[in-house]
Amino acid sequence: LSFSATDFPTFETMNGSGTTTTTTSPTAITDTTNWHYIMGVFDNTNNIQRLYVDGVQVNSTAAANNTSNSGVAFTIGADLSGGSNAAANFFRGAIDEPYFGAEALSASTISRMYNVGNLALQNHTASRVTGVTGADTYQRLAGGDRKSVV
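A few points on the structure. Starting afresh in each chain, residues are numbered from 1 along the sequence in its written order. The predicted nature of this model means local features are confined to residues of pLDDT at least 70 and side-chain atom pairs, given and counted, to a pLDDT of 80 or more, with totals for whole chains, interfaces and linings taken over all residues. To obtain the side-chain values, all non-hydrogen atoms of the structure were included, while hydrogens and water were left out.

1. Some remarks on the environment of Ile110
Secondary structure counts use DSSP, requiring at least four H or I residues in a row for a helix and at least two E residues in a row for a strand, with both numbered from the N terminus. Looking at where Ile110 falls in the secondary structure, it is placed in helix H1 (residues 107-123). Considering only alpha carbons, one finds Ile110 and Val53, 57 residues apart in sequence, at a separation of 9.7 Å. Here, two residues are considered to be in contact whenever any of their heavy atoms come within 4.5 Å of each other. In this structure, Ile110 is in contact with Tyr37, Met39, Val41, Tyr52, Gly55 and Leu105, ignoring residues within four places of it in sequence.

2. Points about the nonpolar core
Core analysis: the largest hydrophobic core is formed by eight residues, namely Tyr37, Met39, Val41, Tyr52, Leu105, Ile110, Met113 and Tyr114. At the level of secondary structure, the elements contributing two or more residues to this core comprise strand S4 (38-43) and H1. Counting residues per element, this core draws most heavily on H1, at three residues. The contact partners of Val41, leaving out residues within four places of it in the chain, are Phe11, Ile48, Gln49, Arg50, Tyr52, Ala104, Leu105 and Ile110. As used here, the term nonpolar core means buried Ala, Val, Leu, Ile, Met, Phe, Trp, Tyr and Cys residues forming a set that is joined through side-chain atoms within 4.5 Å. Accessible area is worked out with a 1.4 Å probe on protein chains only. A residue is then buried under 20% of its type maximum, exposed over 50%, and partly exposed in between.

3. As for the sheet that holds S4
Taken in spatial order, the three strands make up an open sheet running S4-S5-S6, and their pairing is antiparallel. Since the sheet does not close on itself, it has two edges, and those belong to S4 and strand S6 (56-62), each with one partner. Across the sheet, the axes of successive neighbouring strands diverge by a mean angle of 20°, strand direction being ignored. Note on pairing: DSSP must find at least two bridges between two strands before they are called paired. For S4 and strand S5 (residues 48-53), the ladder comprises six bridges, and the chain directions are antiparallel. Paired with Val41 across the two strands is Arg50, which belongs to S5. Orientation is described by axes fitted as lines to C-alpha atoms, over the contacting stretch for helices, and by angles from 0 to 180 degrees between their N-to-C directions.

4. Examining the packing of aromatic side chains
Stacked, tilted and edge-to-face are the three classes assigned to paired rings of Phe, Tyr and Trp, where Trp is represented by its six-membered ring and a pair needs centres within 6.5 Å; plane angles under 30 degrees give stacked, over 60 edge-to-face, the rest tilted. Applying the stated criterion across every chain, the model contains three aromatic pairs. Ring centres of Trp35 and Tyr114 lie 5.6 Å apart, and the angle between their planes is 15°; this geometry places the pair in the stacked category. Of the two residues, Trp35 sits in the loop between strand S3 (20-24) and S4 while Tyr114 sits in helix H1, which places them 79 residues apart along the sequence. Under the relative-accessibility criterion, Tyr114 is labelled buried at 17%. An angle of 55° between the planes, with centres 6.1 Å apart, marks the rings of Tyr37 and Tyr114 as tilted. Pair noted here: Tyr37 is in the loop between S3 and S4 and Tyr114 is in helix H1, with a separation of 77 residues, a long-range link.

Honestly, it's all geometry; don't read function into it.
What follows is the structure, encoded as structure tokens:
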């Protein structure tokens, strides 16, 4: 995940053959005062990668399912797709709670994760939400604890 030089959220993957697949948001994010939630999903089963901004899918690109060993480091907040794999297009802001999983998340799960994060931001501290006592509980609300409901 990175931003293009002109502030478009971008999700890139490189397969084992060295082919880069890029999915870019059609809208730049130039607002530097508000929180945004950006998620890239590579769906190996369906050969597609998707880019979400603030819980909504903004673009998708067909992608080969050969991602076993690209030779390029997993990176959040910079682009390593250049010939020398040198970092470029650094994110100019704070990155909080990056997430990496082994399964492609559904659109509804990503929307729920965005809503939980947005709720946490609006409440500023976990103790202001009834029944939630810590930041780790917010993570469970968005993840594996299916008993919790937001």
